Amino acid sequence: MSHLPTVKLLIGGEFVESRTTEWREVVNPATQEVLARVPMATADEVAAAIAAGKAAFTRWKKTPIGTRARIFLKLQQLIRDNMKELAALLTAEQGKTLADAEGDIFRGLEVVEHAANIGTLQLGEYAENVAGGVDTYTVMQPLGVCAGITPFNFPAMIPLWMFPMAIATGNTFVLKPSEQDPLVTMRLVELALQAGVPAGVLNVVHGGPDVVNALCDHPDIKAISFVGSTRVGTHVYNRASLAGKRVQCMMGAKNHAVVLPDANKEQALNQLTGAAFGAAGQRCMALSVAILVGEAQQWLPELVAKAQSLRVGAGIDNPDLGPVISCAARERIHGLIERGVADGASLALDGRDVSVAGYPHGNFVGPTIFSDVKPGMSIYEQEIFGPVLCLMAADTLDEAIELINANPNGNGTAIFTQSGAAARCFQEDIDVGQVGVNVPIPVPVPLFSFTGSRASKLGDLGPYGKQVVLFYTQTKTVTSRWFDDDASSGKVQTTISL
Ligand code: NAD
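In this report, the structure presented in the accompanying data block is examined.

About the cut-offs
- Residues numbered from 1 in each chain as written.
- Predicted model: local features only at pLDDT ≥ 70, side-chain atom pairs only at ≥ 80, totals over all residues.
- Heavy atoms only, no water.
- Axes fitted to C-alpha atoms, helices over the stretch in contact; angles between N-to-C directions.
- Helix = DSSP H or I, 4+ residues; strand = E, 2+ residues; numbered from the N terminus.
- Left-handed = near helix turned anticlockwise from the far one by under 90°.
- Contact = heavy atoms within 4.5 Å.
- Nonpolar A, V, L, I, M, F, W, Y, C, P; charged D, E, K, R; others polar.
- Pairing = 2+ DSSP bridges.
- Patch = residues over 30% accessible without salt bridge, like charges linked within 9 Å, V, L, I, M, F, W, Y side chains within 5 Å.
- Areas by Shrake-Rupley, 256 points an atom, 1.4 Å probe, with all protein chains shown as cover.
- Salt bridge = Lys/Arg side-chain N within 4 Å of Asp/Glu carboxyl O.
- Lys, Arg positive; Asp, Glu negative; His and termini not counted.
- Charge placed at Lys NZ, Arg CZ, Asp CG, Glu CD.
- Buried < 20%, exposed > 50% of the residue type's maximum accessible area, 1.4 Å probe, protein only.
- Near = heavy atom within 4 Å.
- Polar contact = N/O pair within 3.5 Å; in protein donor to acceptor, adjacent residues only side chain to side chain.

### Things to note about the packing of helix α7 (residues 209–217) against helix α8 (residues 230–242)
Turning to step 1, where the next piece is worked out: Relative orientation of the contacting elements α7 and α8 amounts to 35°, with a least axis distance of 8 Å. Crossing of α7 over α8 shows right-handed handedness. Here Val 212, Asn 213, Cys 216 and Asp 217 of α7 come into contact with α8, specifically with His 235, Val 236, Arg 239 and Ala 240.
Turning to step 2, where the next piece is worked out: Along the lines of polarity and charge, the residues of the contact of α7 with α8 split into four nonpolar, two polar and two charged.

Shown next, in the form of structure tokens:
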């Protein structure tokens with residue numbers, strides 16, 4: 001055990017060994033090889049990380065915008081230079097394919113590029129002569145120490161949604177990565193320091209519920225960005241809001257696709273297959289439900305054939321899908337498949353018995369398809385977060401829209417059709433925050449923000465794009481009047497008039 005590398009905390013610019021007695025293992029999901037041990041940081045260590053952020057804030061908030069932004073210009077280059085190494089690390093601890101790991105890093109890299117252009121987004125407003133000789137202007141000031149809590153499924157992209165935007169806008173940050181796969185996150189943090197993030201501006205603590213609760217409660221944390229499950233996100237939102245913080249939580253999903261019979265069949269089925277089973281279904285924007293409308297219900301055999309043709313394997317061999325994150329996750333997915341059968345859904349493709357040559361211990365689940373799925377079944381009500389696609393049937397687009405709007409989640413949805421009128425009707429009437437039209441996973445690029453809705457999100461503002469600048473800043477309004485030296489001092493005013 002002791003020969004294993006340990007994951008360090010980052011406090012005040014130093015990578016330090018935790019003094020905790022509680023550790024957990026970081027495990028390669030394809031092989032069960034233990035890669036490292038990660039500490040559950042102590043209360044004192046969390047407090048020290050926050051104190052380091054607070055001390056650094058006094059200088060950092062006054063650091064020129066360009067100086068702050070240029071660090072991210074450097075960081076994006078360092079990430080590009082180290083892409084292959086980062087992807088290999090990510091694949092080893094998370095399981096996704098190398099190609100997908102590069103995608104994970106690249107989508108985060110785009111946010112780093114965005115952070116390098118922060119100046120134009122953090123501008124105030126100015127109105128001259130709001131009254132005679134009186135001007136009003138606003139400044140968008142950073143909040144102080146902010147915190148980020150991230151999930152296992154995008155260990156590069158999601159930390160990069162958070163700390164670059166918070167720091168570029170003048171805040172300092174405490175990051176709490178997923179304890180299941182913190183290694184690539186830590187490598188990105190090292191690169192951030194190499195790019196010039198000063199000591200104390202970025203801090204990292206590791207841990208589980210106790211550490212997260214400490215961040216939610218601490219008076220010096222001003223805002224929390226959380227990405228993860230609905231259960232934990234709801235807890236974080238309630239607890240941190242009660243402690244007076246600004247909170248945004250991006251949470252779980254059940255994303256529906258609608259396939260109309262006029263869709264380009266080949267393209268629609270390919271996209272659906274990729275979005276349902278890619279990353280072993282462990283994407284918050286995975287299409288885990290497809291509503292086949294009318295004649296499209298006849299396409300089931302072709303969909304099953306496409307799913308069957310996908311290659312399952314260790315991420316390092318670049319198959320179509322890798323293992324799920326842990327043995328526990330695989331057991332949970334198997335349990336839900338059993339429940340689906342017991343609830344009366346038809347198992348059109350069963351991925352439970354998949355085996356991968358050379359990797360007898362991997363957490364593999366093959367593509368699985370249920371048809372005849374109905375609301376009320378566990379496989380429909382719960383986020384499975386594995387390579388399981390639920391198929392439902394509808395006679396009309398209106399019926400499909402009604403079904404989706406009745407589902408509590410609102411992360412993403414997609415329609416496949418060749419009809420502009422149908423697509424327009426869908427985009428207008430669907431109550432989901434991110435809509436794809438012949439685009440299966442409509443995650444916006446950082447010019448926009450991620451905009452999940454309803455039960456998939458708590459808080460008003462999204463994690464990147466323009467919205468996050470509002471999240472990480474407080475608008476201060478200044479109303480000013482200047483007197484000429486020789487102007488008469490006038491009379492004392494006791495009425496309100498500007
Ligand atoms: P999770 O909620 O289990 O963990 C997220 C974070 O919360 C981790 O850092 C973890 O250490 C911490 N945590 C876990 N249990 C906790 C508890 N009881 N109290 C306090 N903190 C706790 O999520 P996960 O399994 O790592 O990630 C998968 C989930 O994340 C899925 O539901 C997925 O849909 C969601 N997700 C959502 C988005 C989005 O943008 N909406 C993006 C990615 C993932």
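### A few points about the sheet that holds strand β22 (residues 473–481)
Turning to step 1, where the next piece is worked out: Strand order in the open sheet made by the three strands is β5-β6-β22, with antiparallel pairing throughout. Among the strands making up the open sheet, the edge pair consists of β5 (126–131) and β22. On average, each strand axis in the sheet is tilted by 30° relative to the strand beside it, whichever way the strands run.
Turning to step 2, where the next piece is worked out: Sheet analysis places strand β6 (residues 134–142) next to β22, joined by nine bridges and oriented antiparallel. Looking at β22, one finds that Gln 141 is bridged to Gln 474.

### With respect to a negative patch on the surface
Turning to step 1, where the next piece is worked out: Taken together, the side chains of Asp 395, Asp 398, Glu 399, Glu 402 and Asp 429 present a region of like negative charge at the surface.
Turning to step 2, where the next piece is worked out: It is helix α13 (residues 397–406) that contributes the most residues to the negative patch, three residues altogether.
Turning to step 3, where the next piece is worked out: Structurally, Asp 429 is set in helix α14 (residues 420–429).
Turning to step 4, where the next piece is worked out: With a relative accessible area of 42%, Asp 429 lands in the partly exposed category.

### Quick look at the site of the ligand
Turning to step 1, where the next piece is worked out: The full set close to the ligand counts 28 residues, and Thr 150, Lys 176, Glu 179, Ser 229 and Glu 383 are the nearest of them.
Turning to step 2, where the next piece is worked out: Contact distances for the ligand include 3.3 Å between an oxygen atom and a backbone N or O atom of Gly 228.
Turning to step 3, where the next piece is worked out: A distance of 3.5 Å separates a nitrogen atom of the ligand from a polar atom in the side chain of Asn 411.
Turning to step 4, where the next piece is worked out: Summarising the interface, the protein chains cover 88% of the accessible area of the ligand, which totals 840 Å² for the free molecule.
Turning to step 5, where the next piece is worked out: Within the residue set of the shell around the ligand, elements represented by two or more residues are α5 (157–168), α7, β10 (221–227) and α8.

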